[in-house]
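Single-letter residue listing:
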Amino acid sequence: MKSAVETLNPTRVRLTVEVPFEELKDSLDAAYKKINQQVTVKGFRKGKIPARVIDQRFGRGAVLEEAVNDALPKFYTEAVNEAELSVLGQPEVDITELKDGETLNFTAEVDVRPALEIPDYSGIEVEVDAIEVTDEDIEKSVEQLRERFASTSPVERAAEDGDVVTIDLEAKVDGEVLEDGIANGVSYTIGSGELLDGIDDAVKGKSAGEEATFTSELKGGSAAGREAEVTVKVTQVAARELPELDDDFAQLASEFDTLEELKADSRKRLTNMKQFDQATQAQERVLEKLLDLVEVPVPEKLLEDEVNTRKHNLEHHQLGQMGLDLDKYLEIQGKTAEEFETETREAAVKGIKTQFVLDELVKKEELNVNQEELTEHLMRRAASSGMSPDQFAQAVVEGGQVPLLVGEVARGKALAVVVEAATVKDTNGEVVNLDDEEEETEAAEASETSEENAEG
């Protein structure tokens with residue numbers, strides 16, 4: 001077999017392959033054997049029909065077609081490996097010549113990863129938010145905890161902001177009560193915004209036994225997104241009572257003995273959260289600067305596939321779970337279809353570029369992934385998916401996704417190398433030192449977010 005490579009553009013090549021006919025022998029034998037098992041010829045046992053009889057009865061062309069279909073993937077793969085190409089997607093194959101007993105010639109056009117030049121990235125500088133935890137932050141955190149331990153008691157008065165009301169609801173669309181439009185005994189905190197728009201105004205000032213009717217757009221159910229006439233009846237009004245902020249509360253709501261210890265722990269937790277956010281911000285901004293440094297051509301076919309995948313996942317998975325269609329989603333987001341298309345394409349381009357650049361860095365820095373790193377990453381991915389580690393691992397193995405996870409870890413390590421070389425300062429001008437272990441974890445997550453399932 002002989003092959004040659006022609007570069008059509010930075011992301012696409014044409015392979016020209018010439019195969020001597022004798023190299024088709026195995027595929028021809030396999031073709032005769034396959035046809036033998038599929039056909040019946042009087043006077044011959046099944047599977048024992050001579051090749052010359054098959055040629056006479058069914059035509060040599062049918063045999064050649066079967067043999068070529070069998071042989072093409074093998075010769076294509078050999079040509080790809082010989083040229084050391086990193087191909088993307090499926091090739092477009094064209095048989096240019098097939099002479100029985102002489103030769104098989106074909107071409108294959110396919111997208112390839114572009115050759116990238118990674119420049120010196122040690123001069124990257126980014127600014128991130130400074131870590132500041134104020135007394136107001138602490139008070140807000142403690143107040144949220146206090147809210148969780150609030151108690152309620154029925155009162156004989158009209159409902160007010162902050163009260164918990166028990167209500168019965170009935171929704172009508174076009175004058176007809178919906179099958180799923182009745183709900184009784186619903187508990188609702190006035191002002192929480194957890195139910196329908198307009199319900200707060202409807203129930204405020206109402207006592208037990210009173211009702212009101214209002215119009216609202218339904219957020220879910222069979223008539224999601226449609227205007228409905230909703231009747232709400234208050235069956236009970238209960239006042240919320242917050243516990244006193246003292247040492248007794250600290251002992252009730254935490255493992256601490258005093259309120260001061262509880263506040264100190266809140267400060268520590270908020271500081272850790274802000275450090276986490278700061279680290280994530282650093283990864284994302286360093287990645288942006290890195291992508292600006294590298295010229296990355298994007299294969300058009302890969303880009304179109306990625307855009308379509310993103311749209312499909314949004315429409316058929318995310319929005320479907322929320323009972324929305326794309327038009328309603330765009331209305332809620334305040335976006336036009338053109339703006340959505342542009343944003344989706346830009347995100348897809350960034351995801352593909354991120355994967356290409358970080359994969360190139362993995363090779364340049366000769367980064368490897370060990371079993372411990374892969375296991376830790378698998379645990380994180382399992383937690384975010386809502387599956388147990390064993391379930392997630394089984395799904396990964398059965399789906400042949402282990403190389404995908406290895407790639408995610410390796411790209412995270414590559415980004416961590418760049419972050420370590422970069423200068424990160426906060427808005428106060430102070431240099432930020434990120435912990436190495438945290439850096440790799442955050443980098444892995446930052447690169448995954450940017451890739452957003454970019455294929456390659």
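Conventions we followed
- Residues numbered from 1 in each chain as written.
- Predicted model: local features only at pLDDT ≥ 70, side-chain atom pairs only at ≥ 80, totals over all residues.
- Heavy atoms only, no water.
- Helix = DSSP H or I, 4+ residues; strand = E, 2+ residues; numbered from the N terminus.
- Rg over C-alpha atoms; globule rule 2.2 N^0.38 Å.
- Buried < 20%, exposed > 50% of the residue type's maximum accessible area, 1.4 Å probe, protein only.
- Contact = heavy atoms within 4.5 Å.
- Areas by Shrake-Rupley, 256 points an atom, 1.4 Å probe, with all protein chains shown as cover.
- Lys, Arg positive; Asp, Glu negative; His and termini not counted.
- Charge placed at Lys NZ, Arg CZ, Asp CG, Glu CD.
- Axes fitted to C-alpha atoms, helices over the stretch in contact; angles between N-to-C directions.
- Parallel < 35°, antiparallel > 145°, perpendicular 65-115°, else oblique.
- Left-handed = near helix turned anticlockwise from the far one by under 90°.
- Nonpolar A, V, L, I, M, F, W, Y, C, P; charged D, E, K, R; others polar.
- Polar contact = N/O pair within 3.5 Å; in protein donor to acceptor, adjacent residues only side chain to side chain.
- UniProt positions renumbered as here; feature names shortened; annotations may be inferred.
- Core = buried A, V, L, I, M, F, W, Y, C linked by side-chain atoms within 4.5 Å.
- Pairing = 2+ DSSP bridges.
- Domains from an automatic or database assignment.
- Expected span 1.5 Å × (residues − 1).
- Bend = angle between axes of the 7 residues up to and from the residue.

Sorry if this is basic, but what is going on with the overall build of the chain here?
Along the chain, the regular secondary structure elements total 14 helices and 11 strands. Scaling as 2.2 N^0.38, a compact globule of 456 residues should have a C-alpha radius of gyration of about 23 Å, whereas the chain reaches 32 Å, well beyond that. C-alpha extents for the chain along the principal axes are approximately 100 × 65 × 40 Å. A burial count over the chain gives 37% of its 456 residues as buried. Excluding contacts between residues fewer than 6 apart, the proportion of contacts in the chain whose partners are at least 24 apart in sequence is 69%. As displayed, the chain has an accessible area near 26100 Å², and 45% of this comes from carbon and sulfur atoms. Positive and negative side-chain charges in the chain, numbering 49 and 104 respectively, have mean positions lying 9 Å apart.

Looking at this model, I keep getting lost on the packing of helix α8 (residues 300–322) against helix α10 (residues 337–364). Mind explaining?
At a minimum axis separation of 9 Å, α8 and α10 run at an interaxial angle of 120°. As summarised for this structure, α8 and α10 are arranged oblique, according to the angle between their axes. Crossing angle aside, the handedness with which α8 passes α10 is right-handed. For the pair α8 and α10, contact is made by E300, L302, L303, E304, E306, V307, R310, K311 and L314 and by F340, E341, T344, R345, A347, A348, V349, G351, I352 and F356, respectively. Class assignment for the residues of the contact of α8 with α10 results in 10 nonpolar, 2 polar and 7 charged.

Explain the environment of T77 here, please?
Residue position: T77 is located in helix α3 (residues 60–83). On the basis of relative accessible area, T77 is assigned to the partly exposed category, the value being 41%. Taking C-alpha positions, T77 is 13 Å from E109, a pair spaced 32 residues apart along the chain. Engagement of the side chain of T77 in a polar contact is seen with the backbone oxygen of P73, the distance being 2.8 Å.

What should I look at first to understand the UniProt feature "domain: PPIase FKBP-type" (unreviewed entry) in the chain in this one?
Summarizing the sequence annotation, UniProt attributes the feature "domain: PPIase FKBP-type" (unreviewed entry) to residues 162–215 in the numbering used throughout. Spanning residues 162–215, this segment combines 9% helix with 54% strand, and its end C-alpha atoms are found 22 Å apart.

Is there a simple way to explain the nonpolar core in this structure?
One recurring pattern in soluble globular proteins: nonpolar side chains tend to sit buried together. Formed by 36 residues in total, the largest nonpolar core has its most connected members in I124, V286, L290, V357 and L361. For this core, the elements supplying multiple residues, two or more each, are β5 (125–128), α7 (259–293), α8, α10 and α13 (402–421). The element contributing the most residues to this core is α10, with 7 residues. In this view, V286 contacts I124, V126, L415, V418, V419 and A422; residues no more than four positions away in its chain are not counted. Counting 30 residues, the second-largest nonpolar core is a separate cluster that includes V13, A31, V41 and V80.

Teacher, can you tell me more about the packing of helix α11 (residues 371–385) against helix α12 (residues 389–398) here?
When two helices pack together, their arrangement is given by the angle between the helix axes and by the axis-to-axis distance. Where α11 meets α12, the closest approach of the two axes is 9 Å, and the angle between their N-to-C directions is 105°. As the angle between them shows, α11 and α12 are arranged roughly perpendicular. Touching L378, M379, R381, A382 and S385 of α11 are P389, F392 and A393, all from α12. Here the residues of the contact of α11 with α12 sort into 6 nonpolar, 1 polar and 1 charged.

Is there a simple way to explain the sheet that holds strand β3 (residues 87–99) in this structure?
Backbone-to-backbone hydrogen bonds pair the strands of a sheet. The strands run either parallel or antiparallel. Overall, antiparallel pairing links the 4 strands, which are arranged β1-β2-β4-β3 in an open sheet. Of all strands in the sheet, those bounded by a partner on one side alone are β1 (2–9) and β3. The sheet shows a mean angle of 20° between the axes of neighbouring strands, direction not considered.

It is not clear to me how the domain arrangement of the chain should be interpreted in this structure. Could you clarify?
Accessible area lost upon the coming together of the parts serves often as the stated size of an interface. Domain boundaries assigned for the chain yield domain 1 (2–111), domain 2 (151–241) and domain 3 (252–453). Domain 2 and domain 3 are separated by 39 Å when their C-alpha centres are compared.

I keep staring at α8 and nothing clicks. Help me out?
Owing to its 3.6 residues per turn, the α-helix aligns residues three or four sequence positions apart on the same side. Its 23 residues place the ends of α8 32 Å apart at the C-alpha level, agreeing with the 33 Å of an ideal helix rising 1.5 Å per residue. Of all the bends in α8, the greatest, near 35°, is centred on L314. Along α8, the positions that sit buried rather than exposed are L302, L303, E306, V307, R310, K311, L314 and L319. G323 sits one or two positions beyond α8 and adopts a positive phi of about 70°.

In this structure, what is going on with the side chain of S266? I would like to understand it.
Positionally, S266 belongs in helix α7. The contacts of S266, once residues within four sequence positions are left out, are I138, S141 and V142.

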